Amino acid sequence: MERPSDEKTGAGADARARALSLALLARLWSHHRGAFPRLKAACERASASRVADVVVGAASACAFAAAADPSAATELVVALKTFLTSPTAPPAAKALSLEAIASMCDGDALEFYAAFKVVATRGAMPSLPSDPIVASRWTALLGRGATDAAAFPAAAASCADAAFGALTAGLDQPGPGDDDDDGENKEKRARAWVATRTAAYAALGAYDPVVVVEGVFDDDDDDDEKEKEKETDGRRRRRRVSSAAIAEAMLDEPTPFGDVVDAGIATVVALARCESETLARAALAPAAARGGGGGGGGASAA
């Protein structure tokens, strides 16, 4: 009778040792680049493991490699896709994979919108993930779209809208046994999602305020600003992002201070300034048009 392997039995000590070896291999590679083929092969093998510690160790090694050398880490895409698409991959592994993708986007090794399409489709994360650890990294990744927002305005507006939707993560989601959900459970849930809300404010703050406030809409939309919609990648998005809306979300934020409040204030200030400038231009436009028309008429008469 074949003896079950350590991987099948999930022997904890061996799994932790294997995870540690992956971490050490990644650090070896950072000093001796000739070790990369070994690192790549080890991560790809470990990505298919059924032992959580091993999978998380491999994902951690990939995240470390992406932070150390984003261009070289693109060779680890097979392992990263496995972490994202596997239904049995632990949330920590998925979160680390998203961190790796963010590092590669920051290093211009990956084009954000192409990478995020893979995350949304193959990784089955088109909207805010249900796990708070994964959700915080997914939301942080949204901010990377700011760099190429001018080239992909519709996709950028969709990402900004998704970040706006994450501002109340953990605050508007029912917990187990919602009817009996007491204040203590709500408080715990709010604390578990604070990193996601912080990332949402930071992601919105990364975009040009014009992208966040104005978005992209059809030319024949009606005049009701609250009802304006735009078909984007098969989904409907509604204009709802404004400094007032974000300020309202901040009023519901249970955390009295810290990164989430700092990021929220910075975003509200930037959007409010953009809205004020937009209103000022709109107010001055008729006067400028009249002045231009008068000048043009005088030139014709002459």
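In this text, all values refer to a predicted model and were calculated from it rather than measured experimentally.

Asker: Teacher, can you tell me more about the state of the cysteines here?
Answerer: Note: disulfide means a covalent bond formed between the sulfur atoms of two cysteine side chains. By the definition in use, this model includes zero disulfides. No disulfide involves Cys 62; its nearest neighbouring cysteine sulfur is the one of Cys 43, lying 3.9 Å away. A relative accessible area of 1% means that Cys 62 is categorised as buried.

Asker: Just checking my understanding: could you explain unusual backbone geometry for this structure?
Answerer: Trans is the prevailing form of peptide bonds, just as negative phi is the prevailing case for residues other than glycine. Phi angles above zero are rare outside glycine, and Asp 108 is one such case at about 60°. Relative to the helices and strands, Asp 108 resides in the loop between α7 (91-106) and α8 (112-121). Taking the relative accessible area as the measure of exposure, Asp 108 reaches 67% and is therefore exposed. Even without being a glycine, Ala 124 presents a positive backbone phi close to 55°. Note on placement: Ala 124 falls in the loop between α8 and α9 (132-142).

Asker: What is the right way to look at the nonpolar core in this model?
Answerer: Side chains of nonpolar character tend, in soluble globular proteins, to be buried together. In terms of nonpolar packing, the biggest core is built from 41 residues, with Leu 98, Val 119, Leu 141, Leu 167, Leu 204, Tyr 207 and Ile 246 touching the most fellow members. Ranked by residues supplied to this core, first place goes to α8 with six residues. With 30 residues, the next largest nonpolar core counts Val 55, Ala 58, Cys 62 and Ala 63 among its residues.

Cut-offs and rules
Residues numbered from 1 in each chain as written. Predicted model: local features only at pLDDT ≥ 70, side-chain atom pairs only at ≥ 80, totals over all residues. Heavy atoms only, no water. Disulfide = S-S within 2.5 Å. Buried < 20%, exposed > 50% of the residue type's maximum accessible area, 1.4 Å probe, protein only. Helix = DSSP H or I, 4+ residues; strand = E, 2+ residues; numbered from the N terminus. Core = buried A, V, L, I, M, F, W, Y, C linked by side-chain atoms within 4.5 Å.

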